[in-house]
Amino acid sequence: EGYEYLSIHEEKDLVANLRKQLEALNQYHFSDREWDDFFHHVLANPNEHAKEKTEKIQEDNVQVLKRDDGSTKNITLIDKKQIHNNRLQVIHQYENGKENGASYDNRYDVTILVNGLPLVHLELKRRGVKIREAFNQISRYQRDSFWAGAGLYEYVQIFVISNGTNTKYYSNSTRFNAVKENEKRGASRTKTSNSFEFTCFWADANNTVISDLIDFTKTFLARHTILSILTRYCIFTSEKMLMVMRPYQITATERILNRIEIARLASRLPYIDKVLFVVDRKDLDYQTMKEYDRFEKGAANSNTSTAVLKKQLEDPSARIIITTIQKLSTFIKKNPGHPVYAEHVVIIFDECHRSQFGDMHSAIVKNFKKYHLFGFTGTPIFSVNAGRGKNPEFFTTAQTFGDQLHCYTIVDAIRDRNVLPFRVDYIKTMEADEDISDEMVWDINREKVMMAPERISVVVKYILTHFDQKTYRGDKTYVYQALTNISEVASGKNQVEEIKQKQRLSGFNSLFA
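Calculation criteria
- Residues numbered from 1 in each chain as written.
- Predicted model: local features only at pLDDT ≥ 70, side-chain atom pairs only at ≥ 80, totals over all residues.
- Heavy atoms only, no water.
- Helix = DSSP H or I, 4+ residues; strand = E, 2+ residues; numbered from the N terminus.
- Buried < 20%, exposed > 50% of the residue type's maximum accessible area, 1.4 Å probe, protein only.
- Contact = heavy atoms within 4.5 Å.
- Areas by Shrake-Rupley, 256 points an atom, 1.4 Å probe, with all protein chains shown as cover.
- Polar contact = N/O pair within 3.5 Å; in protein donor to acceptor, adjacent residues only side chain to side chain.
- Phe/Tyr/Trp six-rings, centres within 6.5 Å; stacked < 30°, edge-to-face > 60°.
- Pairing = 2+ DSSP bridges.
- Axes fitted to C-alpha atoms, helices over the stretch in contact; angles between N-to-C directions.

Any chance you could break down the overall build of the chain for me, citing the residues and the numbers?
Secondary structure assignment for the chain yields 17 helices and 18 strands. Within the span of the chain, comprising 513 residues, buried residues form 41% of the whole. Considering only intrachain contacts with a sequence separation of at least 6, the fraction spanning at least 24 residues in the chain is 64%. Total accessible area computed for the chain in this model is approximately 30,300 Å², and 52% of it derives from carbon and sulfur atoms.

Mind laying out the side chain of Thr 167, listing which residues take part and the relevant values?
Topologically, Thr 167 is positioned in strand E8 (residues 167-171). There is a polar contact of 2.8 Å between the side chain of Thr 167 and the side chain of Ser 162. A distance of 2.8 Å separates a polar side-chain atom of Thr 167 from the backbone oxygen of Ser 211. Not counting the four nearest positions on each side in its chain, Thr 167 is found in contact with Ile 131, Val 160, Ile 161, Ser 162, Phe 201, Ser 211, Asp 212, Leu 213 and Phe 216.

I'd like a description of the packing of aromatic side chains, backed by residues and values.
One pass over the structure, following the stated rule, counts 22 aromatic pairs. With 4.7 Å between their ring centres and 20 degrees between their planes, Phe 216 and Phe 220 make a pair best called stacked. Per residue, the accessibility class of Phe 216 equals that of Phe 220, and both read buried. Measuring from centroid to centroid gives 6.1 Å for Phe 349 and Phe 401, while their planes differ by 65 degrees, and the two rings are edge-to-face. Note that Phe 349 is positioned in strand E15 (residues 344-350) and Phe 401 in helix H13 (residues 397-401), a separation of 52 residues in sequence. Residue class for Phe 349 comes out buried when judged on its relative accessible area of 1%. For Phe 401, a relative accessible area of 17% corresponds to the buried category. By the ring-pair criterion, three or more aromatic residues cluster together here, those being Tyr 94, Tyr 108, Phe 135, Tyr 141, Phe 146, Tyr 153, Phe 159 and Tyr 170.

Quick rundown of the sheet that holds strand E4 (residues 88-96)? Include the residues and the values.
If you walk across this open sheet you meet the 8 strands as E1-E4-E5-E6-E7-E8-E9-E10, and the pairing is mixed. At either end of the open sheet lies a strand with only one pairing partner, and these are strand E1 (3-5) and strand E10 (209-210). Relative to strand E9 (residues 200-203), E8 runs antiparallel, the two sharing 2 bridges. By the bridge assignment for E9, Tyr 169 is matched with Cys 200. Helix-sheet contacts for helix H1 (residues 11-26) involve E4, strand E5 (106-114) and strand E6 (117-124), and the interaxial angle to E4 is about 160 degrees.

Structure representation (structure tokens):
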């Protein structure tokens, strides 16, 4: 529902339909000369490829048309404000072959066109065939033919692979990087973050995986859902990599936005004045600041001093501010009665379990008058693990931030293969004496037994003997690129070239208890 099926199998028909759809979306009729110029210089520029075309969809979705009379007009490629203004169409068995300059003749399974542009592609296999085969086939398409002709298939943002039983999705960067990794590694089969293992299952709001193709189609490919994912839940990073959110991230984001919107409508408050992202000082590294700064220029500058934070809070044009817990705490102490406390502010805390159970939280709720507080944490505080909190009113995460909006547990992450599973080895450190007499007793002194020097000696000896073996020290290695001139790049007023160096790690962390 909400889709139009088209029988398009050749590029000339795809281009003709693209013109028709953009004319309908923009309520403008191209002259032949205008269309020829716009198509060849903007949409199908031979000097642009997947990254540049992705940037057009994600960042520069409004392009400028030079009209015949010399004036200009904005042409929207995808409407991100009113997403249902976009038109969805489906084509099947589109052919892209040697006549278009491709290395081989290819026929693609199913493609979803958004305003005439191919933005979602599905590769389907029969039941019983490994889903990885669909992933590998898309990689071959990228290598052999996506770029051929006008290169319109380089606009694809999201890929879907399925064998009927299992269905997964991933961004074009995952596909593009998988091809690059394969070329670089040759015959090596080392897994990387660009390989098939980092494709993603779709799931409902309760983190229940939806793997069957029919159920996936009814939910993920529903008109509102797929348009929302394309326009709201894809992230184009400063490294020009496209990331598509996972289901639990989408659910959490939607619930946060809904909570703000409902409160705004209910209380007739004006629109949000400020959004504060509050992080711990040690989490605000160079890469994080770079991403924030790309999202809104200068947003993370308040990390440098409390004076800069004060200046940004007083600047009406500074709508998004990224600061540290320490700077916000200092600002509140030094500025009682500041006008910003009366503004409508959304404050989002990352790793909120670290700081929001003492004087800091009390100061925020005491000083800010119109606020929404949201907290993200991987280790929520419950009554059983709360310890001794200073303020009994803010004893647990729920008391501090209210009802839980969404959760994604380690069990879900292991199931989705987003993290490695636990491997638990049970080692016996105590045995019953063969000559022990069986007598009825009330209990034993467990602490004395566990802390016995003989037992501790056995545990320590085992750890020292087996540590390298259990953590694969010297056996398996991981290579990553480390930025070596962080301070120069972060503090440089002018653009400073990043210097990266390969570093190799051996083994992984283990917990012995």
